[in-house]
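Chain by chain, the residues:
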Amino acid sequence: MELRALGQSDIRISPIIMGTWQAGKDMWVGIDDDETTKAIRTAFDSGITTFDTAEVYGKGHSERIVARALSDVRQQVVYATKVFANHLKYEQVLQACERSLRNLNTDTIDLYQIHWPAGAFRSESVPIAETMGALNDLKQQGKVRAIGVSNFSRQQLEAALEYGRIESLQPPYSLFWRHVEKDALPYCVENGITILAYSPMAQGLLTGKFGPDHRFAPGDHRAKSKLFQKETYGRIQQALERLRPIAAKYGCTLGQLALAWVIARPNTCAIAGARSAEQVAQNRIAAEIILSPEDL
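All values reported here derive from a predicted model rather than from experimental measurement.

**A few points about helix α7 (residues 230–250)**
Along an α-helix, a turn takes 3.6 residues, which lines up residues three or four apart on a common side.
Item 1. Taking 1.5 Å as the rise per residue, α7 with 21 residues should run 30 Å; its terminal C-alpha atoms sit 31 Å apart, in good agreement.
Item 2. If you look at α7, its biggest bend is around 30°, right at Leu 243, and the proline Pro 245 turns up within four residues after that.
Item 3. Buried within α7 we find Tyr 233, Ile 236, Gln 237, Leu 240, Leu 243 and Ala 247.
Item 4. Residues of α7 that are buried sit in contact with α8 (254–263).

**Some words on the nonpolar core**
Nonpolar side chains in soluble globular proteins tend to end up buried together.
Item 1. Met 18, Phe 51, Leu 70, Tyr 112 and Leu 169 are the most contacted members of the largest nonpolar core, which totals 77 residues.
Item 2. Ranked by the residues each element gives to this core, the list is headed by α8, at eight residues.
Item 3. Non-local contacts of Met 18, meaning those with residues more than four positions away in its chain, are made with Ala 39, Ile 40, Ala 43, Ile 48, Thr 50, Phe 51, Asp 52, Ile 271, Ala 272, Ala 274 and Val 280.

**Concerning the side chain of Arg 74**
Item 1. Inspection of the secondary structure puts Arg 74 in the loop between α2 (61–70) and β5 (78–83).
Item 2. For Arg 74, a relative accessible area of 10% gives the class buried.
Item 3. Polar contacts involving the side chain of Arg 74 include one to the main-chain carbonyl oxygen of Val 77, which spans 3.0 Å.
Item 4. Here Thr 106 takes part through its side chain, which lies 2.9 Å from a polar atom of the side chain of Arg 74.
Item 5. Beyond its immediate stretch of four places on either side in the chain, Arg 74 contacts Tyr 79, Thr 106, Thr 108 and Asp 110.

About the thresholds
- Residues numbered from 1 in each chain as written.
- Predicted model: local features only at pLDDT ≥ 70, side-chain atom pairs only at ≥ 80, totals over all residues.
- Heavy atoms only, no water.
- Helix = DSSP H or I, 4+ residues; strand = E, 2+ residues; numbered from the N terminus.
- Expected span 1.5 Å × (residues − 1).
- Bend = angle between axes of the 7 residues up to and from the residue.
- Buried < 20%, exposed > 50% of the residue type's maximum accessible area, 1.4 Å probe, protein only.
- Contact = heavy atoms within 4.5 Å.
- Core = buried A, V, L, I, M, F, W, Y, C linked by side-chain atoms within 4.5 Å.
- Polar contact = N/O pair within 3.5 Å; in protein donor to acceptor, adjacent residues only side chain to side chain.

Any functional reading would require information beyond the geometric quantities listed.
Written out as structure tokens, the structure is:
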């Protein structure tokens, strides 16, 4: 898999990134640690070198599972993790970083990201200058190689850039969720900032596996997603029917088509989660699909 530059840093990342929210188990059902470990290792064996996690995913459980799967090949992979919105004061950032370093069993986090802007989820409103000060110090100490942000608007991204270099923005981005194109994407292209698109398959909708009458198991966070509400869900089923002939043309699945579209966007890589080794193998194929300009 051909690697890409992360922003303007010397870090190289895979266009398909393994997302590990599900590895934390919170807000998911039917997740098995052994299966997740196997899936992460399969991702590495198939050429996916970059793995995205966060301290809040299962209170560090996801980070520990990543380490369990990859510690013996640590020098060959890129670890991206995140500090949550309730840990953005200077000392809190330093402490959170130390926890993540321990969980990941590593001396350095390749990409350390602010998961949500201060104030999200009723967190305290911490000045971005204070948070960036901590991140810059961690970078100077060698504990962090690059700094990124997640769920930031263009305005919030610009504010963060006043206090240090930002290499990536992680927004929700898919065929069904494209507001970043009108806000931050052009700015990121102009300033050499990589987009790390999460939910590139629209929380599974773009795989086509959820039929018109699908019901989620109790505890599955997707049951509350706007994309799964009745009116939108009906339009999505119609859109999927229009996508099926395009997928058939390339001999790929709907999910692979969705990933191929995302990684064909400017400066954009796709974070794809997977429950099993089989799903990882399917996701990896998307990196080989080159869509024509007309089909894009």
